[in-house]
Amino acid sequence: MNGAAGCQGGGGGDDRGPRWRRPWKLLALGLLSASSVLAAAPGAGAMSKEEKRRLGNQVLEMFDHAYSNYMEHAYPADELMPLTCRGRVRGQEPSRGDVDDALGKFSLTLIDTLDTLVVLNKSKEFEEAVKKVIKDVNLDNDIVVSVFETNIRVLGGLLGGHSVAIMLKEKGEYMQWYNGELLHMAKELGYKLLPAFNTTSGLPYPRVNLKFGVRHPEARTGTETDTCTACAGTLILEFAALSRFTGTSIFEEYARKALDFIWEKRQRSSNLVGVTINIHTGDWVRKDSGVGAGIDSYYEYLLKAYVLLGDDSFLERFNTHYDAIMRYISQPPLLLDVHIHKPMLNARTWMDSLLAFFPGLQVLKGDIRPAIETHEMLYQVIKKHNFLPEAFTTDFRVHWAQHPLRPEFAESTYFLYKATGDPYYLEVGKTLIENLNKYARVPCGFAAMKDVRTGSHEDRMDSFFLAEMFKYLYLLFADKEDMIFDIEDYIFTTEAHLLPLWLSTTNQTISKKNTTTEYTELDDSNFDWTCPNTQILFPNDPMFAQSIREPLKNVVDKSCPRGISRAEESLGSGPKPPLRARDFMASNPEHLEILKKMGVSLIHLKDGRVQLVQHAVQAASSLDAEDGLRFMQEMIELSSQQQKEQQLPPRAVQIVSHPFFGRVVLTAGPAQFGMDLSKHKAGTRGFVATIKPYNGCSEITNPEAVKEKIALMQRGQCMFAEKARNVQKAGAIGGIVIDDNEGSSSDTAPLFQMAGDGKNTDDITIPMLFLFNKEGNIILDAIREYEAVEVLLSDKAKDRDLEMENMDQKLSENDSHKQNSEEATSASQDVGAVSEEPEEGENSDVNDPDSLSPAHADSDSISISNQDSYVPGTDEASALEPACTQGDHQPQEQKTETESNSKVNWDNKVQPMESILADWNEDIEAFEMMEKDEL
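Rules used throughout
- Residues numbered from 1 in each chain as written.
- Predicted model: local features only at pLDDT ≥ 70, side-chain atom pairs only at ≥ 80, totals over all residues.
- Heavy atoms only, no water.
- Helix = DSSP H or I, 4+ residues; strand = E, 2+ residues; numbered from the N terminus.
- Buried < 20%, exposed > 50% of the residue type's maximum accessible area, 1.4 Å probe, protein only.
- Areas by Shrake-Rupley, 256 points an atom, 1.4 Å probe, with all protein chains shown as cover.
- Pairing = 2+ DSSP bridges.
- Axes fitted to C-alpha atoms, helices over the stretch in contact; angles between N-to-C directions.
- pLDDT = per-residue confidence, 0-100.
- Contact = heavy atoms within 4.5 Å.
- Expected span 1.5 Å × (residues − 1).
- Salt bridge = Lys/Arg side-chain N within 4 Å of Asp/Glu carboxyl O.
- Phe/Tyr/Trp six-rings, centres within 6.5 Å; stacked < 30°, edge-to-face > 60°.
- Lys NZ or Arg CZ within 6 Å of the ring centre and 35° of its normal.
- Polar contact = N/O pair within 3.5 Å; in protein donor to acceptor, adjacent residues only side chain to side chain.
- Disulfide = S-S within 2.5 Å.
- Parallel < 35°, antiparallel > 145°, perpendicular 65-115°, else oblique.
- Left-handed = near helix turned anticlockwise from the far one by under 90°.
- Nonpolar A, V, L, I, M, F, W, Y, C, P; charged D, E, K, R; others polar.
- Core = buried A, V, L, I, M, F, W, Y, C linked by side-chain atoms within 4.5 Å.

**A look at the overall build of the chain**
- Summing up its helical and strand segments, the chain has 27 helices and 32 strands in all.
- With 935 residues in all, the chain has 61% of them scored as buried.
- Surface accessibility of the chain: about 35,500 Å² in total, with carbon and sulfur atoms responsible for 48%.

This is how it looks when you write it as structure tokens:
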């Protein structure tokens, strides 16, 4: 996770300080004065002070809900698992791959949350939390962790905690006993990270063992050769702060060396950097470049290093990169990855959610117009899906459907509000709060979204949610008098930890000027030493930001949008691409001749398919080679689109009874038989009942318990269709099959689809869904605790039953009030309580189209290859149709069949199923092939 970042203004300093400090303070004043002007302007629609305070208090309540549940159910574990109400301990849960490298058995969430407590005026809780960290946290664990994540979350958390601890001690009310204990822990951790820098380049290894370092026989790491640019380039703030706080210069020296190396290895003709780099040779491994995952915080830390350390070379580097970003990557309102050697060629047709931090960084730079444009585009995507998907395409379809409650968009919203004073951004923040409470809040905290289309949850609440999200949301609605300290005196790290600006003049043991060479001569406006005063940008016009947003308000919902690539744009009115993938016919001799000119050859396979292979060196010219690369990229997208249409999207099992009321949504695998929930928008709602026998492979012996209910059964011993027929015969209105593989989870396993039995399954009319073991146990545990558990089976989670929830809360409050009355008056009042396979046929992995078993699979395919690799894809006589059709994204009301269940009272406003089907399962492997290609 490359979390949010930003710096709000300068602070401190006098005429004798470094030359950057005075104009930076002027910037802060400029932002605030502009805010005042705009907020007070007639017709600006300013939010009332009462409403702002109400929303600020709501943020505090939400934080308390998340933090208290972590402390009650998870501490001292690193993170809370909010669906199962327990802590996530590495090694005790199924591995999630690289995501788990952030966990080091060092109470990650508590450390990451320390300075958030002070920002939210919870000084007493902060003091208690610091004592727990000092007493309980061990940094000498035999565990391999990510250098990047440990730096930004743990080292940054300790330094941020130390920064606010000494501030509180100076104020005289809290932390009077504090003697730098957090700083001592930070220094210990800093030394444990240093072995990772033992490379010839100075770039750190991506992982380090906290106890044994890198090259020790027991370290279990040190064999890696690659790291991401952000991983190596997001160290300078924390390491320099550690050096400045302690007077030990080695940390800042190592971080500077890594930044220097990346700068020297930039692609000189484009001034861009790639995503991953070889830590020994400095060769770029992935040559695509953007502002999202893998690179994002490298750019951020160049600008912020100038702010914190006062070193002009960092600003010069940032401005050089920023000019390249705006020249090649920025295609307003989009930010699209390009090839570093061929920056006019887009490297992909989708964007990841981490780029949502970039508008905030542009505010810091002072380039407000593109910040407003990109932010508005992202907000339109959020309004469509409730959250920002992990990745989405240039025509705003979901590419990766997860959302781990990332804070980057909230961060940019905060900084845009500070820069413009436009109350529109307060309304954006209000929407974020409402969506978090409505769709992510669960009884034990807030759960990440497994799929923004279905509304299903994932059993994770990352530490950055507490470290960043609540910090930015609270600051968005807080007035200066609501804060116990001046936030302008600090800079935010990428994890939103606070570092004081006075560090710039403390323990300067290193020469400010780095040895850097070959800066590109750019327009002078790119080398402003501070962000310009916003009053110059907006000339006292409160409608300025709105005038930029207005053309973008329908950008996401317009019919069949398609972004124009920079390469196409550059063609202008000149020659058009000789052949587009959507027009290609393998039987057309003219098309085959064009392919040959572009270096693309066609190979006939024995099974009737054809394989496309591109070799750029065989193209007639470099321009033809570029056309060939573009053609192959388009063909991959169209081919993957055909594969996606054969697959079923995930479904949702939503627990709607007390005390869940729709808050818990489980990701469920669909069945290729039975009721199609996408055509029954109301879904199927009913109480669950466990069948006998549990495997459902013979006649049900407890039909009276199953009738008119949703049957629970175990996977195994017979076909899925046989189970469905047996429970349907017993009178069930639906069925849920629970995996018998202990510990299986949708968090770590791909989507599972239940296939039929090879026979006609039209006789099965009830809906059948599949839950992995972990999700199934959530329902079984609920039955054990509450007996009567009601669920909704649907294609997408519905709005919570707020009426029933409010009624339940009133009953609870009434119950509590009456109990208190009992104690006071000794009255005796009693308040009523509210009270398996060839088993399953073929299982299907949505990430592996070859494992699918669709009922009517298209046998036509084209195999597409770049440098002798290929992906499945129409036979020679087939013509590929465009993936997007008119009306794909138009909101529309659909008349659909509904179940005759009188209990259903859900809101039917759901996303059209066609757009979900059109989104599903982009061919990621094919894109990776293209990303590695260099002309």
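**A look at the sheet that holds strand β6 (residues 226-228)**
- Reading across from one edge, β6-β7-β8 is the order of the three strands in this open sheet, with antiparallel pairing throughout. Either end of the sheet is taken by a strand with one partner, and the two such strands are β6 and β8 (284-286). In this sheet, adjacent strand axes meet at a mean angle of 35° when their direction is disregarded.
- In terms of strand pairing, β6 meets strand β7 (residues 276-278) through three bridges, oriented antiparallel. If you follow C228 over to β7, its bridge partner there is T276.

**Things to note about the confidence of the model for the chain**
- Per-residue confidence for the chain gives a mean pLDDT of 80; residues scoring 70 or more make up 73%.
- Predicted confidence is poor over residues 1-44, with pLDDT under 50, and the contacts of this stretch with residues over four places away or in other chains come to 132 contacts.
- Confidence over residues 529-536 falls short of pLDDT 50; this stretch has 26 contacts with residues more than four positions distant or in other chains.

**A word on the sheet that holds strand β15 (residues 398-400)**
- Overall, antiparallel pairing links the three strands, which are arranged β13-β14-β15 in an open sheet. Two strands bound the open sheet, and with one partner strand each, they are β13 (350-352) and β15. Ignoring which end each strand starts from, the neighbouring axes of this sheet average 30° apart.
- Sheet topology note: the β13/strand β14 (residues 391-393) ladder contains three bridges and is antiparallel. Bridging from a neighbouring strand, W350 pairs with T393 of β14.

**Focus on helix α13 (residues 368-385)**
- For α13, with 18 residues, the first-to-last C-alpha span of 26 Å sits near the 26 Å given by 1.5 Å per residue.
- A large share of α13 lies buried, amounting to 15 of its 18 residues.
- Positive backbone phi, at 75°, marks N386, one or two positions downstream of α13.

**Here's the deal with unusual backbone geometry**
- Omega for the bond connecting Y75 with P76 falls within 30 degrees of zero, at 10°, which places this linkage in the cis form.
- Following the sequence through the fold, P76 ends up in the loop between α2 (49-73) and β2 (79-81).
- For the peptide bond that leads from P332 to P333, omega is 0°, which places it in the cis range.
- Secondary-structure assignment places P333 in the loop between β10 (330-331) and β11 (334-335).
- Of note, C85 is a non-glycine position whose phi angle comes to about 55°, a positive value.
- Residue classification places C85 among the partly exposed positions, given a relative accessible area of 27%.
- Unlike most non-glycine residues, N121 shows phi in positive territory, near 60°.
- Its place among the elements puts N121 in the loop between α3 (108-119) and α4 (123-136).
- Judged by relative accessible area, N121 falls into the partly exposed class, the value being 32%.

**Thoughts on the pattern of salt bridges**
- Tallied over the full model, the rule gives 49 salt bridges.
- For K192, the salt bridge goes to D140, with nearest N and O atoms at 2.7 Å. Here the residue K192 occupies a position in helix α6 (residues 181-193), and D140 occupies one in the loop between α4 and β4 (144-146), the gap between them amounting to 52 residues.
- Take K192: its relative accessible area is 15%, and that puts it in the buried class.

**A look at the packing of aromatic side chains**
- Applying the stated criterion to the full structure yields 32 aromatic pairs.
- Residues Y70 and Y75 carry aromatic rings whose centres are separated by 6.3 Å and whose planes lie at 80° to one another, so their mutual orientation is edge-to-face.
- One aromatic cluster in this structure is built from F63, Y67, F446, F465 and F470.
- Directly above the ring of W263 sits R266, whose terminal nitrogen or CZ lies 3.8 Å from the centroid.

**Regarding the side chain of D482**
- Inspection of the secondary structure puts D482 in the loop between α16 (463-477) and β20 (490-492).
- Side-chain polar atoms of D482 contact the side chain of R53, separated by 3.4 Å.
- If we skip the residues at most four places from it in the chain, D482 touches R53, N121, Y474 and F477.

**Details of the state of the cysteines**
- The final tally for this structure, using the stated rule, is three disulfides.
- The disulfide bridge from C85 ends at C444, spanning 1.9 Å between sulfur atoms. One quick way to see it: the torsion about the S-S bond of C85 and C444 is about 95°, and its sign makes the bridge right-handed. Here C85 is found in the loop between β2 and β3 (86-88), whereas its partner C444 is found in the loop between β16 (441-442) and β17 (445-446), with 359 residues between them in sequence.

**Topic: the packing of helix α8 (residues 236-246) against helix α9 (residues 250-264)**
- Relative orientation of the contacting elements α8 and α9 amounts to 155°, with a least axis distance of 7 Å. Classed by the angle they form, the pair α8 and α9 counts as roughly antiparallel. Of the two elements, α8 crosses α9, and the hand of that crossing is left-handed. Judged by residue contacts, I236, F239, A240, L242, S243 and R244 of α8 engage I250, F251, E252, A255, R256 and L259 from α9.
- Of the residues that constitute the contact of α8 with α9, the class distribution is eight nonpolar, one polar and three charged.

**A look at the side chain of D479**
- Positionally, D479 belongs in the loop between α16 and β20.
- Engagement of the side chain of D479 in a polar contact is seen with the side chain of K52, the distance being 3.0 Å.
- Setting aside chain neighbours within four positions, we find D479 in contact with K49 and K52.

**Looking at the nonpolar core**
- Formed by 178 residues in total, the largest nonpolar core has its most connected members in F126, L436, F446 and F470.
- Counting 26 residues, the second-largest nonpolar core is a separate cluster that includes I655, V688, L712 and I733.

**Digging into the pairing of strand β24 (residues 651-655)**
- Burial runs high along β24: five of the five residues are buried.
- The two faces of β24 match: R651, V653 and I655 on one face and A652 and Q654 on the other face are all buried.
- Direction of pairing for β24 relative to strand β25 (residues 664-668): antiparallel, over a ladder of five bridges. Looking at β25, one finds that R651 is bridged to A668.
- Sheet analysis places β24 next to strand β30 (residues 790-794), joined by four bridges and oriented antiparallel. The partner of V653 across the bridge, within β30, is L793.

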